[in-house]
Amino acid sequence: MDQFLIKGASRIAGEVTISGAKNAALPLLAAMILAKTPTTLHNVPSLQDVRTLIQLISGLGVVIKKEGNTVTCNTKTIDNFYAPYDLVKTMRASILVLGPLLARFGEAEVSLPGGCAIGSRPVDQHLKAFEAMGAEITVENGYVKAKAPKGGRLIGCQHTFDMVTVGGTENVIMAAALARGVTQLENCAREPEVVDLANMLVAMGAKISGIGTASLVIEGVEELHGCEYSVVSDRIETGSYLAGALMTRGDVLTKNTDPVLLQPVLKKFEDMGATITTGGNGKDSWIRAQMTGRPKPIDIRTQPHPGFPTDMQAQLMAVCCLADGTSTIIENIFENRYMHVPELNRLGANIMVDGHTAIIEGVEKFTAAPVMATDLRASISLVMAAAAAEGESLIDRIYHIDRGYDDVETKLRGLGVNIERINPNKR
Ligand code: EPZ
């Protein structure tokens, strides 16, 4: 298994270009299944999760290929509606092919994704909504088997999600786009990646109103055509690199990224004492974080958008570890998203967890140690902490980071981090 060898302490400073958002690219790739004619998607990040989903969609008989950061897809030759466990288990978001397959072809057999390090990750909300649209859902041998009602088309309905779910909202919007009649969805997720999906579906001919709000009205159409679209920038990758500046009295400028998508995080950065400046517009937008002193302590509660994003919790915790005082974090979205705590404590942090609450007593600095990555966002917080630590740290199981951070070593080296990828088995 690859490891990162990181020599600190570094001041994280420089410019970095942000890639397309992983959490937008995945639903957008799934949405390509809905199009009768070819689709082109630009600004697709080069990530393990993207490669896995492309492999899965290709397994449906679809002609899909990625050249650089552009993916082209033609569904004309699709010949099965089956998403196997061996792929789904490595990439939970594969469940997002269920809605498109069910909507367009009236049937699908997709492996249940199973849990992961941060939680059990059920998909009951997805299935409940599909049943409300007339689908017949059975779960057998770890697979979800879904069939549209007689006549092969889902039926538009009024449905309220029991809780805010990003993937559930995305799966159901895609299904409703081709349903017969109107679907009114309440308590929808409003994440920028959900907005990006809705915008691409509209470009494919879908009729969706209320985009960006918790109430969506989708008027089903007979078919959707292909389009040319570009993935929204990755707000979480942006926040991850900016957090490195706050940990090391650094100065990071992130390019090709939209400050509007990151408002809740930028506000917390300013509360911690960072100077945040933004500029440009559209594709040329940028965000800069400059830090001169020690971070101030803060309190954070993760919430669905537009609240503070759970995907930035581990990164902000790493900043709080160096704050001049006590910070508290309450993780409200996932039941087990504190796996990075014991690893940060190995680097010299002083964090105590009580249920969903983490209490972080700030320390002067991190000290190097061997640590283990446990999930995607924990990985980047450990990398940043190791870069800020005095001495040489070894981070194990960094395959987690390759799932969600495009070209991570190059980008980190460009920000002054002394990092090397090693594989102890390949001596
Ligand atoms: C998406 O996961 C993201 N992944 C996650 O990012 C992100 O943390 C999460 O949304 C919340 O913002 C992608 O977009 C690919 P949810 P998703 O459905 O859709 C519970 C990362 O690091 N729930 O909004 O799976 C669930 O267990 C990843 O990039 C149900 O109970 O998240 C969780 O506690 C991690 N039943 C909460 O809701 C359901 O049917 C939020 O889950 C669905 C979800």
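What counts as what
- Residues numbered from 1 in each chain as written.
- Predicted model: local features only at pLDDT ≥ 70, side-chain atom pairs only at ≥ 80, totals over all residues.
- Heavy atoms only, no water.
- Helix = DSSP H or I, 4+ residues; strand = E, 2+ residues; numbered from the N terminus.
- Rg over C-alpha atoms; globule rule 2.2 N^0.38 Å.
- Contact = heavy atoms within 4.5 Å.
- Areas by Shrake-Rupley, 256 points an atom, 1.4 Å probe, with all protein chains shown as cover.
- Lys, Arg positive; Asp, Glu negative; His and termini not counted.
- Charge placed at Lys NZ, Arg CZ, Asp CG, Glu CD.
- Core = buried A, V, L, I, M, F, W, Y, C linked by side-chain atoms within 4.5 Å.
- Buried < 20%, exposed > 50% of the residue type's maximum accessible area, 1.4 Å probe, protein only.
- Near = heavy atom within 4 Å.
- Polar contact = N/O pair within 3.5 Å; in protein donor to acceptor, adjacent residues only side chain to side chain.
- Pairing = 2+ DSSP bridges.
- Axes fitted to C-alpha atoms, helices over the stretch in contact; angles between N-to-C directions.
- Parallel < 35°, antiparallel > 145°, perpendicular 65-115°, else oblique.
- Left-handed = near helix turned anticlockwise from the far one by under 90°.
- Nonpolar A, V, L, I, M, F, W, Y, C, P; charged D, E, K, R; others polar.

A. Region of interest: the overall build of the chain. Across its full length, the chain holds 14 helices and 24 strands. The globule rule puts the C-alpha radius of gyration for 427 residues at 22 Å, and the 22 Å found for the chain is close to it. With respect to the principal axes defined by its C-alpha atoms, the chain has extents near 65 × 45 × 40 Å. Here the contacts in the chain between residues at least 6 apart in sequence split such that 73% fall between residues at least 24 apart. A total accessible area of about 16,000 Å² is found for the chain, and carbon and sulfur atoms account for 49% of it. One finds the centroid of the 41 positive side-chain charges in the chain at a distance of 2 Å from the centroid of its 47 negative side-chain charges.

B. Representation of the nonpolar core in the model. The biggest cluster of nonpolar side chains holds 82 residues, and the ones touching the most others in it are Leu-29, Leu-41, Val-97 and Leu-201. At 7 residues, the largest contribution of residues to this core is made by helix H1 (residues 22-31). Ignoring any residue separated from it by four or fewer positions in sequence, one finds Leu-41 in contact with Leu-28, Leu-29, Met-32, Asn-69, Thr-70, Val-71, Met-200, Tyr-229, Ser-230 and Val-231. If you look at the next biggest cluster of nonpolar residues, it comprises 67 residues, including Tyr-241, Met-312, Val-319 and Leu-376.

C. Molecular detail of the site of the ligand. Every one of the 23 residues lining the ligand counts as a neighbour, but Gln-125, Thr-165, Gly-167, Asp-311 and Ile-333 are closest to it. Asn-23 places a side-chain nitrogen or oxygen 3.0 Å from an oxygen atom of the ligand. Separating an oxygen atom of the ligand from a side-chain N or O atom of Thr-165 is a distance of 2.7 Å. Coverage of the ligand by the protein chains reaches 86% of its 830 Å² of free accessible surface. When residues of the shell around the ligand are traced back to their parent elements, those giving at least two are H1, helix H5 (124-132), helix H6 (166-176) and helix H12 (376-388).

D. Region of interest: the sheet that holds strand S12 (residues 207-209). Sheet architecture is open: 4 strands sit in the order S10-S11-S13-S12, paired in mixed fashion. Pairing within the sheet leaves two strands with one partner each, and these edge strands are strand S10 (158-160) and S12. Each strand axis lies, on average, 15 degrees off the axis of its neighbour in the sheet, ignoring direction. Bridge count for S12 against strand S13 (residues 216-219) is 3 bridges, and the pairing is antiparallel. Across the sheet, residue Lys-207 finds its bridge partner in S13, namely Glu-219.

E. The arrangement of the packing of helix H4 (residues 98-105) against H6 in detail. The interhelical angle for the contact between H4 and H6, taken along N-to-C directions, is 15 degrees, at an axis separation of 8 Å. Here H4 lies roughly parallel to H6, going by the angle between them. Considering only the axes of H4 and H6, their crossing is right-handed. Each of Leu-98, Gly-99, Pro-100 and Ala-103 in H4 lies in contact with H6, whose residues at this interface are Asn-171, Met-174 and Ala-175. Taken together, the residues that form the contact of H4 with H6 break down as 5 nonpolar, 2 polar and no charged.

F. The sheet that holds strand S24 (residues 418-422), seen in detail. Spatially, 4 strands are ordered S22-S23-S1-S24 in an open sheet, and the strand pairing comes out mixed. A strand with exactly one partner marks an edge of an open sheet, and here the two such strands are strand S22 (371-372) and S24. Pairing between strand S1 (residues 3-8) and S24: 5 bridges, direction antiparallel. Opposite Ile-6, over in S24, you have Ile-419 as the bridge partner. Relative to the sheet, H12 contacts S1, S22 and strand S23 (391-396), its axis offset from that of S1 by approximately 35 degrees.

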